[in-house]
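# A closer look at the structure
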Amino acid sequence: MKLILAIVNNDDSAVVAGALSREYFTVTQLSTTGGFLMVGNTTFLVGTPADRVERAIEIIKEHCSTRVKEAQPLGTGLKNSSLPENVNVGGAAVFVLDVEKHVKF
Ligand code: 2BA
């Protein structure tokens, strides 16, 4: 059993959730915030057998776009000349964790 954590742009979250669910992945969505841009994004938790991890990643990749966003670091709106003016955000940041135990009642 694995746990996939996938951080995706809010604009892609509905289509990602739908595509995962259609292929019988069980999904939980958390409303999260990126620490750099301080803009809302969506983190998916997907618990799945190890042999289905690559399919889940393919689905997420298929439905997440890269976007250029103006960087206003730390949400202050203040420019800092040592930081980039624009950043590429997404498609998705995906982590795959081993699950020691999974029980469901
Ligand atoms: P944010 O932290 O708001 O970052 C938004 C984008 O800003 C990043 O896009 C990256 O292009 C840039 N960026 C982030 N930190 C930076 C820094 N210290 N200096 C310069 N540029 C920086 P993505 O890499 O596509 O990340 C999108 C969102 O995914 C992130 O939002 C964060 O919420 C999450 N994320 C990405 N990688 C992560 C990681 N290794 N650990 C935890 N969360 C991650």
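Residues numbered from 1 in each chain as written. Predicted model: local features only at pLDDT ≥ 70, side-chain atom pairs only at ≥ 80, totals over all residues. Heavy atoms only, no water.

### As for the nonpolar core
- By size, the foremost hydrophobic cluster in this structure holds 15 residues, and its most contacted members are L20, F44 and I60.
- Once residues within four sequence positions are removed from consideration, F44 is found in contact with I4, L5, A6, V8, S13, V16, A17, V27, T28 and Q29. (Core = buried A, V, L, I, M, F, W, Y, C linked by side-chain atoms within 4.5 Å. Buried < 20%, exposed > 50% of the residue type's maximum accessible area, 1.4 Å probe, protein only. Contact = heavy atoms within 4.5 Å.)

### Observations concerning the pattern of salt bridges
- Summed over all chains, the structure comprises five salt bridges.
- With a closest N to O distance of 3.9 Å, D11 and R67 form a salt bridge. Here D11, found in helix α1 (residues 10-22), pairs with R67, found in strand β4 (residues 67-70); they are 56 residues apart in sequence, far enough to count as distant.
- In this structure, the salt-bridge partner of E23 is R55, at a minimum N-O distance of 2.6 Å. (Salt bridge = Lys/Arg side-chain N within 4 Å of Asp/Glu carboxyl O. Helix = DSSP H or I, 4+ residues; strand = E, 2+ residues; numbered from the N terminus.)

### Notes on the packing of α1 against helix α2 (residues 53-63)
- Look at α1 against α2: their axes get within 9 Å of each other, and the N-to-C directions meet at 145°. Between α1 and α2 the crossing geometry is right-handed. Along its contact with α1, which presents D12, V15, V16, A19 and L20, the element α2 presents A56, I59, I60 and H63.
- Looking at the contact of α1 with α2, its residues break down into seven nonpolar, one polar and one charged. (Axes fitted to C-alpha atoms, helices over the stretch in contact; angles between N-to-C directions. Left-handed = near helix turned anticlockwise from the far one by under 90°. Nonpolar A, V, L, I, M, F, W, Y, C, P; charged D, E, K, R; others polar.)

### Topic: the packing of aromatic side chains
- Enumeration over the complete set of coordinates arrives at zero aromatic pairs.
- The aromatic ring of F25 is capped on one face by R52, whose charged end is 3.9 Å from the ring centroid. (Phe/Tyr/Trp six-rings, centres within 6.5 Å; stacked < 30°, edge-to-face > 60°. Lys NZ or Arg CZ within 6 Å of the ring centre and 35° of its normal.)

### Some details on the sheet that holds strand β3 (residues 40-48)
- Sheet architecture is open: four strands sit in the order β2-β3-β1-β6, paired in antiparallel fashion. Strands with a single pairing partner mark the edges of an open sheet, and in this sheet they are β2 (26-33) and β6 (92-98). Ignoring which end each strand starts from, the neighbouring axes of this sheet average 20° apart.
- When strand β1 (residues 2-9) meets β3, the two strands line up antiparallel, connected through eight bridges. Opposite A6, over in β3, you have F44 as the bridge partner. (Pairing = 2+ DSSP bridges.)

### Focus on unusual backbone geometry
- In the segment running from G90 into G91, the intervening peptide bond is cis, with an omega of -10°.
- As for its position among the elements, G91 is in the loop between β5 (86-89) and β6.
- The backbone phi angle of M38 is positive, close to 55°, even though this residue is not glycine.
- Within the secondary structure layout, M38 lies in the loop between β2 and β3.
- Overall, M38 belongs to the partly exposed group, its relative accessible area being 45%.

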